[in-house]
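Survey of secondary and tertiary structure
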Amino acid sequence: MNFARHQISATAPVLIFDTRFDPDCRIFTTCTKAGFAVYSVCPLKLLRKREITGGTLAFAVPLHTSSLIFLVGGGRSPRYPPNKIIFWDDAQGHEVAELEFRERVRGIACRRGWLAVALRRRVLVFKLDTSISRYNEWDTCDNSRGLLALATGTHATLLAIPGRQTGHVQLVHLPPCPPPQPIGPPVSTTPPRPPPPAPTKHPVTIIAAHTTALTTLTVPASGRYLATTSSRGTLVRIWDVITGKLIRELRRGTDKAEIYGVAFRPDEREVCAWSDKGTVHVFSLVAGSGRLNRQSTFSPLTTYIPLPKYFDSEWSYAQYRIPAQSAHISLTAPPPKAPTADVVDEEK
């Protein structure tokens, strides 16, 4: 046996600036100081890695599982000007096109043949074909977070962007998303599913979601629903985009938090939310799932007694806490509470 003294050192953590999934959630990209990498989701493995010298990236957004990736420079020393979107063909290993704006790019969403770009007070949509052409643009309120959400399922049309008033959401309908092109020989002779009949008029174009600034906008692939959160960070609201009605109001907690993101399960039976509290909350969206989501013991009385809305709230049925002491996970410490921080500021 070898009893010699060996020095064991911890693995140096890799600083990840951003992570983005493709619209089908089959692959995802990570941006680091060295460049970006592409991973497959299942099985989880590294597909390719690109080292980019001369600066750092803000994010890298893949267009489905194609070789096209949209790059935006960011950080203290951006590799590309923050007002440009670089079209990177990973099969060729270099840039093939670019879009330049008069201000910094805040956010990007894409689907087959389309690219949506969020600026500070505008959202622009481009059609991607043999050439790049501007389709349309819409004014928004101050959108420093670059919020926008694009439905990516076959025949989906929805694009959700901030409205002109704080807390409002605009619903824009683009041409239907085409089905994916089959790869290899056909495996079935079943005819493709016909697209649903296009509505003659979309009845709802604006949803007054919150009274404070929006922090997240999320839609499932089908574009049937919309999830919103605000700067108060206590509620996740689920909306029907056809009627514009609020169908579920899910409570993350009672104290203020910064909600980082919301995601639907592919079959739209559940939704999860995560925040600066280090907790991932999972809610059920199945009809009649009030028994699965936790509720106050006084909730049955809300139909008889005018109790505050808090007692009728639905709480997550499952939670996962990210370990605070981790060599590879950095959580932002919450700021010290003010003297009035314990008073619940109810969302309206």
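The present account deals with the structure reproduced in this document. (Residues numbered from 1 in each chain as written. Predicted model: local features only at pLDDT ≥ 70, side-chain atom pairs only at ≥ 80, totals over all residues. Heavy atoms only, no water.)

Our next topic: the overall build of the chain. Along its length, the chain carries zero helices and 26 strands. Looking at the chain as a whole, 43% of its 348 residues qualify as buried. Looking at the chain as shown, the accessible area adds up to about 20,200 Å², and 55% of this sits on carbon and sulfur atoms. (Helix = DSSP H or I, 4+ residues; strand = E, 2+ residues; numbered from the N terminus. Buried < 20%, exposed > 50% of the residue type's maximum accessible area, 1.4 Å probe, protein only. Areas by Shrake-Rupley, 256 points an atom, 1.4 Å probe, with all protein chains shown as cover.)

This brings us to the packing of aromatic side chains. One pass over the full model with this rule turns up six aromatic pairs. Ring geometry for phenylalanine 28 against tyrosine 39: centres 5.3 Å apart, planes inclined by 10 degrees, an arrangement best described as stacked. Here the residue phenylalanine 28 occupies a position in strand β2 (residues 27–32), and tyrosine 39 occupies one in strand β3 (residues 35–40), the gap between them amounting to 11 residues. When its relative accessible area of 25% is taken as the criterion, tyrosine 39 is described as partly exposed. On the numbers, 5.0 Å between centres and 90 degrees between planes, the contact of phenylalanine 70 with phenylalanine 87 is edge-to-face. With a gap of 17 residues between them, phenylalanine 70 in strand β6 (residues 68–73) and phenylalanine 87 in strand β7 (residues 84–89) connect regions that are remote in the sequence. (Phe/Tyr/Trp six-rings, centres within 6.5 Å; stacked < 30°, edge-to-face > 60°.)

The next thing to look at is the sheet that holds strand β1 (residues 18–21). With antiparallel pairing, four strands are arranged side by side in an open sheet as β1-β2-β3-β4. Of all the strands in the sheet, the pair left with one neighbour each is β1 and β4 (45–51). Direction aside, neighbouring strands of the sheet carry axes that sit 20 degrees apart on average. (Pairing = 2+ DSSP bridges. Axes fitted to C-alpha atoms, helices over the stretch in contact; angles between N-to-C directions.)

Let's shift gears to the environment of glycine 54. Residue placement: glycine 54 occurs in the loop between β4 and β5 (57–62). The exposure class of glycine 54 is exposed, given its relative accessible area of 65%. Residues glycine 54 and glycine 35, 19 residues apart in the sequence, show an inter-C-alpha distance of 9.8 Å. Residues within four places of glycine 54 in sequence aside, it is in contact with Ser77, Pro78 and Arg79. (Contact = heavy atoms within 4.5 Å.)

Here we come to the sheet that holds β7. In any sheet, the strands associate via hydrogen bonds between backbone groups, in a parallel or an antiparallel arrangement. The strand order across the open sheet formed by four strands is β5-β6-β7-β8, and the pairing between neighbours is antiparallel. The sheet terminates laterally at β5 and β8 (94–100), the two strands that pair on one side only. The average undirected angle you get between the axes of adjacent strands in this sheet is 25 degrees. Here six bridges tie β7 to β8, and the two strands are oriented antiparallel to one another. Counterpart to lysine 84 in the pairing with β8 is glutamate 100.

Next up on the list: the pairing of strand β10 (residues 114–118). Where burial is concerned, most of β10 is hidden: five out of the five residues are buried. Judged by which residues are buried, β10 turns out to be covered on both faces: Trp114, Ala116 and Ala118 on one side and Leu115 and Val117 on the other are all buried. The sheet contact formed by strand β9 (residues 107–111) and β10 spans five bridges and is antiparallel. Each residue of the ladder has a partner; that of isoleucine 108, found in β10, is valine 117. In sequence, β9 turns back onto β10 through a hairpin of two residues, with glycine 113 there showing a positive phi of about 85 degrees.

What follows deals with unusual backbone geometry. Across the junction of cysteine 42 and proline 43, the peptide omega takes the value 0 degrees, indicating a cis bond. The phi torsion at glutamate 268 lies on the positive side, around 65 degrees, for a residue other than glycine. For glutamate 268, a relative accessible area of 12% corresponds to the buried category.

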